[in-house]
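Descriptive analysis of the structure
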Amino acid sequence: MSHTGSVGGQPGAQRTTDRASALSEPTRAYAELVAGNLRFVGGAPRHPNQDAGHRAAVADGQHPFAVIVGCSDSRLAAEIIFDRGLGDLFVVRTAGHTAGPEVLGSVEYAVTVLGTPLVVVLGHDSCGAVQAARESAATGTAPSGHLRAVVDAVLPSLRRAEAEGVDDIDGIVDIHIAQTVETLLGQSPVLAEEVARGRCAVVGVSYRLAAGVVRPVAALPAGFATLDAPARSTDPATPATV
């Protein structure tokens, strides 16, 4: 992982480019993602920051404006569905976006060392990890190998869904996304402090595989932005309003 400055430096001290400064606020970072997803859904992606010049520009350091904690599903490529490029997104992916110590450490690295202002939990409809956990709970059998760790991490979301009377798979997925958002904050005092100080926000979104649309599910702090109408995009490669 390439970065400028030391781990012990001030959060975000290495963010020196004009573009990075423009994206220093969580709401603006979220607006960039929404704008990119709108382009992707509309069939008019601009593929920003994917040229040879930008590749050379980011070779010596990275300033991602969002951390994506996403499901490993092969149809959930963050740079494609958000129409972004090299150096824009710090992506951490596991089956069912389960958040163990390595995931938490990766998120903390991006937020405190790279100064990234936004963490996004990216789930999707018909999630196989949620379906596997549901089948395991229904049959009382645990999967073999390390897949069991994935299922065990999803089970709390299933119990929460049952307590709330939710039994359809996509409703459970939404609950699991919200649960992951809460897990990140609950298990990482470092991230929780960044959110409390207003330097970062955490938002959970659900991706529709067929339509390509990203839909907001949960956010912390609770008053973060207006999820359906985020702040104006600052990227010249995006529309003026989103």
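Preceding this paragraph is the structure being described.
Residues numbered from 1 in each chain as written. Predicted model: local features only at pLDDT ≥ 70, side-chain atom pairs only at ≥ 80, totals over all residues. Heavy atoms only, no water.

**A short note on the sheet that holds strand E2 (residues 89–94)**
- Read across the open sheet, the five strands follow the order E2-E1-E3-E4-E5; overall the sheet is mixed. The sheet is open, and its two borders are formed by E2 and strand E5 (214–220), each paired with just one other strand. Averaged over all neighbouring strand pairs, the angle between strand axes comes to 20 degrees, with direction disregarded.
- The sheet contact formed by strand E1 (residues 66–71) and E2 spans six bridges and is parallel. Among the inter-strand pairings, valine 69 is bridged to a residue of E2, identified as valine 92.
- Sheet strands touched by helix H8 (residues 169–187): E1, strand E3 (118–124), strand E4 (201–207) and E5. Its angle to E4, the strand with the most contacts, is close to 160 degrees. (Pairing = 2+ DSSP bridges. Helix = DSSP H or I, 4+ residues; strand = E, 2+ residues; numbered from the N terminus. Axes fitted to C-alpha atoms, helices over the stretch in contact; angles between N-to-C directions. Contact = heavy atoms within 4.5 Å.)

**As for the packing of aromatic side chains**
- Counted under the stated rule, the structure contains one aromatic pair.
- Geometrically, the ring pair formed by phenylalanine 90 and tyrosine 109 is tilted, given 5.9 Å between the ring centres and 35 degrees between the ring planes. Highlighted residues: phenylalanine 90 in strand E2 and tyrosine 109 in helix H5 (residues 101–113), separated in sequence by 19 residues. In terms of burial, phenylalanine 90 and tyrosine 109 fall into one category: buried. (Phe/Tyr/Trp six-rings, centres within 6.5 Å; stacked < 30°, edge-to-face > 60°. Buried < 20%, exposed > 50% of the residue type's maximum accessible area, 1.4 Å probe, protein only.)

**Points about the packing of helix H6 (residues 128–139) against H8**
- Closest axis-to-axis distance for the H6/H8 pair is 10 Å, and the angle between their directions is 105 degrees. Our classification of the angle between H6 and H8 gives roughly perpendicular. From H6, Val130, Gln131 and Arg134 reach across to H8, where they touch Ile169, Ile172, Val173 and His176.
- For the contact of H6 with H8, a count of residues per class yields four nonpolar, two polar and one charged. (Parallel < 35°, antiparallel > 145°, perpendicular 65-115°, else oblique. Nonpolar A, V, L, I, M, F, W, Y, C, P; charged D, E, K, R; others polar.)

**Focus on helix H7 (residues 147–163)**
- Taking 1.5 Å of rise per residue, the 17 residues of H7 would be expected to cover 24 Å, and the 25 Å separating its terminal C-alpha atoms lies within 8% of that figure.
- Where H7 bends most, the angle comes to about 30 degrees, and this point is valine 154, followed within four residues by the proline proline 156.
- Those residues of H7 that sit buried are Val150, Val151, Val154, Ser157, Leu158 and Ala161.
- Buried positions along H7 lie against H6 and H8.
- Phi for glycine 165, located one or two positions after H7, is positive at around 75 degrees. (Expected span 1.5 Å × (residues − 1). Bend = angle between axes of the 7 residues up to and from the residue.)

**A word on the environment of alanine 78**
- Mapped onto the fold, alanine 78 is located in helix H4 (residues 78–81).
- Considered as a pair, alanine 78 and valine 91 are 13 residues apart in the sequence and their alpha carbons are 7.6 Å apart.

**Overview of the nonpolar core**
- Residues Leu33, Ile68, Leu118, Val119, Leu184 and Leu191 are the most contacted members of the largest nonpolar core, which totals 58 residues.
- Among the elements that make up this core, the one with the highest residue count is H8 (eight residues).
- Excluding its chain neighbours within four sequence positions, the residues that come into contact with leucine 33 are Phe65, Ala66, Ile68, Phe82, Leu89, Leu118 and Val120. (Core = buried A, V, L, I, M, F, W, Y, C linked by side-chain atoms within 4.5 Å.)

**Things to note about unusual backbone geometry**
- The omega angle of the peptide bond from leucine 220 to proline 221 is 0 degrees, so this bond is cis rather than trans.
- Tracing the sequence through the fold places proline 221 in the segment after E5.
- Notably, histidine 47 is not glycine yet its phi reads approximately 50 degrees, a positive angle.
- A positive phi angle is found at serine 126, which is not glycine, with a value near 55 degrees.
- Assignment of secondary structure puts serine 126 in the loop between E3 and H6.
- A residue is classified by how much of its surface remains accessible, and serine 126, at 35% relative accessible area, is partly exposed.

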